[in-house]
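Fold and contact review
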Amino acid sequence: MAMTAVARETVFALRRQIAKIEGTLPERLASPVAAPLDADVSTDLTIVRRGIAAALPDAFLPIGVERLDAALSGGLPKAALSEIHGLETRDAGAVAGFALSLTSLILKQAPGLPVLWIGTSEIFREAGFPYARGLHASFGIGPEQLLFTEAPKLVDALWVAEEAARMTALAAVILEIRGNPQRLDLTATRRLHTRAQAAGRPVFLLRQAAEPEPTAAPVRLIVASAPAVPRDTIAGPLAGSIGRPAFTLTIGKSRTALPGQFTLEWNPDERAFDERWGDERRGEARDRAKNPVPVVSLSGGGKGPAPASGAVLAFPAVGSPLSPAARDQPSRPQRAAHLGPRRAG
């Protein structure tokens, strides 16, 4: 039993040393208190976060999906460097869209502050710039709130990001990098992470077509586009339609969470995330099919023509007692007064 306690303390000492070397935000520093031998309880690890007293509720940015926020111990840390990876070049749009969704959530808490997006000429030529009208329509971000800095070289982009990360006048800083450049090492990411901690602002590192490598970021999320499902209506999924944008999110690294994968949908009307449930969603569709309700058919030119009108009601002939025109005619005693000239004077 004594050897087990010594081994446990040794493991926690090694974890503390590794956490200090990597410059982590959370540290699993506190070793569990040894329980009595006759106690039938499981040992609970206490997570102590550096610079945050007892993990304050406003220290995290909730994504809005209960399971994901629980897995991330409350959400993404606000005052930290967070990595968002796209494993392939074709995932650049999904990575940028997910970053803009997070930016929309941040601006709800810090309205009026701008966001700085930094990238190299190479990445902007490859992935392009966000569309101004789409920013406002899909994410509620005004074009004047998103500032861009295009640097000719990576060293210039890193310098701009380090200077911007210390500014409290920005709601967030986004640094977009392609591949695995040698300059983006553990030291460079530690500087970004430390300055984000000091300013209390998030820094998002977008890695396009990159392989995971050691960095100082406490959280790494791997994002890819997910197939859109048909748009939901009161009668069930509308065939041939395209639903809301969807992302496949994988927790690649987190010192407070286990690896996991989620499928999220972005609601551009509510400016919020929803989790897609595959089996439950299909079950709801089946339930709707059991209780169909009439809906408006597709517009002209669509593949779903309107059904037949059914019974046709004819209007009664003019002059018949049921005719509206006959009912509106004045009676005989009223006819003379009705047709007589108006008296004046």
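For the structure itself, look to the data block above.
Residues numbered from 1 in each chain as written. Predicted model: local features only at pLDDT ≥ 70, side-chain atom pairs only at ≥ 80, totals over all residues. Heavy atoms only, no water.

**Some points on the environment of Glu126**
Our working definition: Secondary structure elements follow DSSP: runs of H or I of four or more residues count as helices, runs of E of two or more count as strands, with numbering from the N terminus.
Within the secondary structure, Glu126 is located in helix α4 (residues 121-127). Separated by 37 residues in the primary sequence, Glu126 and Thr89 place their C-alpha atoms 8.4 Å from one another.

**Digging into the layout of surface pockets**
What counts is decided by this rule: Site definitions follow a grid-based scheme: protein atoms alone, a 1 Å grid, a 1.4 Å probe that fits but cannot get out for cavities, and for pockets an open set with protein on both sides within 12 Å along at least five of seven lines, plus lining residues having an atom within 4 Å of a point. Grid points are joined across faces, edges and corners, and a volume is the space filled by probe spheres set on the points. Under the scheme applied here, ten amino acids are nonpolar (Ala, Val, Leu, Ile, Met, Phe, Trp, Tyr, Cys and Pro), four are charged (Asp, Glu, Lys and Arg), and all others, including Gly, are polar.
The computed volume of the largest pocket comes to approximately 330 Å³. In terms of lining residues, the largest pocket is bounded by 22 residues, among which Gly93, Ala96, Gly97, Leu100 and Phe139 are the most central. Looking at the lining of the largest pocket, the elements with two or more residues in it are α3 (92-109), α4 and α5 (132-139). When its residues are assigned to classes, the lining of the largest pocket shows 15 nonpolar, six polar and one charged.

**Digging into the side chain of Glu83**
Note the following rule: With a 1.4 Å probe rolled over the protein chains alone, any residue whose accessible area is under 20% of its type maximum counts as buried; one over 50% counts as exposed, and the rest are partly exposed. Polar contacts here mean pairs of N or O atoms no more than 3.5 Å apart (in protein, one a potential hydrogen donor and the other a potential acceptor; neighbouring residues in sequence count only if both atoms are side-chain atoms). Note on definitions: a residue-residue contact is assigned when non-hydrogen atoms from the two residues lie within 4.5 Å.
Among the secondary structure elements, Glu83 is positioned in strand β5 (residues 81-86). Judged by its relative accessible area of 1%, Glu83 is buried. There is a polar contact of 3.5 Å between the side chain of Glu83 and the side chain of Arg207. Apart from the residues lying within four places of it in its own chain, the contact partners of Glu83 are Leu205, Arg207, Thr215, Ala217, Val219, Arg220, Leu221 and Lys253.

**Points about the nonpolar core**
For clarity, the threshold we go by: Within this scheme, the nonpolar core is defined by two criteria: the residues are buried Ala, Val, Leu, Ile, Met, Phe, Trp, Tyr or Cys, and they are joined through side-chain atoms within 4.5 Å.
Residues Leu68, Ile84, Phe98, Leu102, Phe204, Leu264 and Phe273 are the most contacted members of the largest nonpolar core, which totals 41 residues. Non-local contacts of Phe204, meaning those with residues more than four positions away in its chain, are made with Leu76, Ser82, Ile84, Leu102, Ile106, Ala172, Val173, Ile174 and Leu175. Within the second largest apolar cluster, 21 residues are counted, among which are Leu154, Ala164, Leu184 and Val203.

**Quick notes on the side chain of Arg276**
Along the chain, Arg276 turns up in the loop between β15 (272-275) and α8 (278-290). Side-chain polar atoms of Arg276 contact the backbone oxygen of Pro227, separated by 2.9 Å.

**What to know about the environment of Glu122**
Along the polypeptide, Glu122 turns up in helix α4. With 31 residues separating them along the chain, Glu122 and Lys153 place their C-alpha atoms 8.6 Å apart.

**A word on the packing of aromatic side chains**
Put simply, the rule is: Under the pairing criterion, centres of Phe, Tyr and Trp rings, with the six-membered ring standing for Trp, must be within 6.5 Å; the plane angle then separates stacked pairs below 30 degrees from edge-to-face pairs above 60, leaving the rest tilted.
Under the definition given, this model contains nine aromatic pairs. Here Phe98 and Phe247 contribute two aromatic rings whose centre-to-centre distance is 5.8 Å and whose plane-to-plane angle is 70 degrees, an arrangement assigned as edge-to-face. One end of the pair, Phe98, is in helix α3; the other, Phe247, is in strand β13 (residues 246-254), and 149 residues separate them in sequence. Under the relative-accessibility criterion, Phe98 is labelled buried at 0%. Under the relative-accessibility criterion, Phe247 is labelled buried at 6%. Ring centres of Phe247 and Phe273 lie 6.4 Å apart, and the angle between their planes is 70 degrees; on these two criteria the pair is classed as edge-to-face. Of this pair, Phe247 sits in strand β13 while Phe273 sits in strand β15; the two residues are 26 residues apart in sequence, bridging distant segments of the chain.

**Considerations on the pattern of salt bridges**
To keep it simple, the criterion reads: Take a side-chain nitrogen of Lys or Arg and a carboxyl oxygen of Asp or Glu: if they are within 4 Å of each other, that pair is a salt bridge.
Counted by the stated rule, this structure contains eleven salt bridges. When the shortest N-O distance is used, the salt bridge between Arg191 and Glu162 registers 2.9 Å. In this pair, Arg191 is assigned in helix α7 (residues 186-199) and Glu162 in helix α6 (residues 154-165), connecting sequence segments 29 residues apart. The salt bridge involving Arg207 is made with Glu213; its shortest N-O contact spans 2.9 Å. According to the relative accessible area criterion, Arg207 is buried, its value standing at 0%. If you follow the salt bridges from partner to partner, you end up with Glu83, Arg207, Glu213 and Arg220 in one network.

**What about the pairing of strand β14 (residues 261-267)?**
Put simply, the rule reads: Paired strands are those between which DSSP finds at least two bridges.
Of all seven residues in β14, five are buried; the element is thus mostly enclosed. Where β13 meets β14, five bridges bridge the pair, whose relative direction is antiparallel. Across the sheet, the residue bridging to Thr250 is Gln261, located in β14. In terms of strand pairing, β14 meets β15 through four bridges, oriented antiparallel. Bridging across to β15, Asn267 finds its partner in Ala272.

**Brief notes about the sheet that holds strand β8 (residues 172-178)**
Note the following rule: Between the N-to-C directions of two axes lies an angle of 0 to 180 degrees, each axis being a line fitted to C-alpha atoms and, for a helix, fitted only over the stretch in contact.
The strand order across the open sheet formed by nine strands is β7-β6-β8-β9-β5-β10-β13-β14-β15, and the pairing between neighbours is mixed. The open sheet has two edge strands, β7 (146-151) and β15, and neither has a second partner. In this sheet, neighbouring strand axes are inclined to one another by 25 degrees on average, regardless of whether the strands run parallel or antiparallel. Where β5 and strand β9 (residues 203-208) come together, six bridges link them in parallel fashion. Bridge assignment links Ser82 to a residue of β9, and that residue is Phe204.

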